[in-house]
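Descriptive analysis of the structure
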Amino acid sequence: MLEFESGDLRDKYGRLLAYVFVDGRLLNAEMIRRGYAYVYTRFPCKRQAEFIALERQARETQSGLWHISLRDGRIANLVNRYNSLSIEGRKRLDDLLEELVRKYPYDQAENIHTVSEGQ
């Protein structure tokens, strides 16, 4: 089912503007809540406050688009660099990483506050 705001049904690019309900659930809200969409705040809408709260929640829980490794691109950058190494280079890097992990063990519980505080 589609629900429309009062006024124009399409934006200046011809896109249909609607709230989409599937099995009684608001798909727009679900996408924002899961972090697969963001709130476009340039033009107000009747559900804007709800959508902003859902986006804030997705950002706080680092869901979807807001996941730290996706947001800053570090993981993708590291994977690309690793893939560009020779087999010998990969082996050397793997050995170095293993040595660092042994020397500086990672305690996830100890570091959760750092990620959630954005440090």
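You'll find the structure just up there.
What counts and what doesn't
- Residues numbered from 1 in each chain as written.
- Predicted model: local features only at pLDDT ≥ 70, side-chain atom pairs only at ≥ 80, totals over all residues.
- Heavy atoms only, no water.
- Pairing = 2+ DSSP bridges.
- Helix = DSSP H or I, 4+ residues; strand = E, 2+ residues; numbered from the N terminus.
- Contact = heavy atoms within 4.5 Å.
- Buried < 20%, exposed > 50% of the residue type's maximum accessible area, 1.4 Å probe, protein only.
- Patch = residues over 30% accessible without salt bridge, like charges linked within 9 Å, V, L, I, M, F, W, Y side chains within 5 Å.
- Areas by Shrake-Rupley, 256 points an atom, 1.4 Å probe, with all protein chains shown as cover.
- Salt bridge = Lys/Arg side-chain N within 4 Å of Asp/Glu carboxyl O.
- Polar contact = N/O pair within 3.5 Å; in protein donor to acceptor, adjacent residues only side chain to side chain.

A closer look at the sheet that holds strand 2 (residues 19-22)
The antiparallel open sheet is built from three strands, whose spatial order is 1-2-3. Whereas interior strands pair on both sides, the edge strands pair on one side only; in this sheet they are strand 1 (2-3) and strand 3 (25-26). Relative to strand 3, strand 2 is paired through two bridges, and the arrangement is antiparallel. For F21, the partnering residue across the bridge sits in strand 3 and is L26.

Some remarks on the environment of A37
Locating A37 in the fold gives a position in the loop between helix 1 (27-33) and helix 2 (48-60). In the structure, A37 is positioned 29 residues away from W66 in sequence and 9.8 Å away in space, judged by C-alpha atoms. Once residues lying within four places of it in the same chain are set aside, the contact partners of A37 are M31, I32, L65 and W66.

Quick notes on the pairing of strand 2
Judged by which residues are buried, strand 2 turns out to be one-sided: Y19 and F21 face inward and are buried, whereas V20 and V22, on the alternate face, are not. In the sheet, strand 1 pairs with strand 2 via two bridges, with the strands oriented antiparallel. By the bridge assignment for strand 2, E3 is matched with Y19. The hairpin formed by strand 2 and strand 3 contains two residues between the paired strands, and D23 there has a positive phi angle of roughly 50 degrees.

A short note on a nonpolar patch on the surface
Taken together, L2, F4, L9 and L16 make up a surface patch of nonpolar side chains, about 330 Å² in accessible area. With respect to the secondary-structure elements, F4 resides in the loop between strand 1 and strand 2. Judged by relative accessible area, which is 34%, F4 ranks as partly exposed.

As for the side chain of D11
Assignment of secondary structure puts D11 in the loop between strand 1 and strand 2. A polar atom in the side chain of D11 sits 2.9 Å from the backbone nitrogen of Y13. Here the side chain of D11 touches R15 through a polar contact of 2.5 Å, side chain to side chain.

Observations regarding unusual backbone geometry
In this structure, D23 is a non-glycine residue whose phi angle is positive, near 50 degrees. Position of D23 among the secondary structure elements: in the loop between strand 2 and strand 3. The class of D23 is exposed, set by a relative accessible area of 77%. Residue Q62 is not a glycine yet carries a positive backbone phi of 55 degrees. By secondary structure assignment, the location of Q62 is in the loop between helix 2 and helix 3 (68-72).

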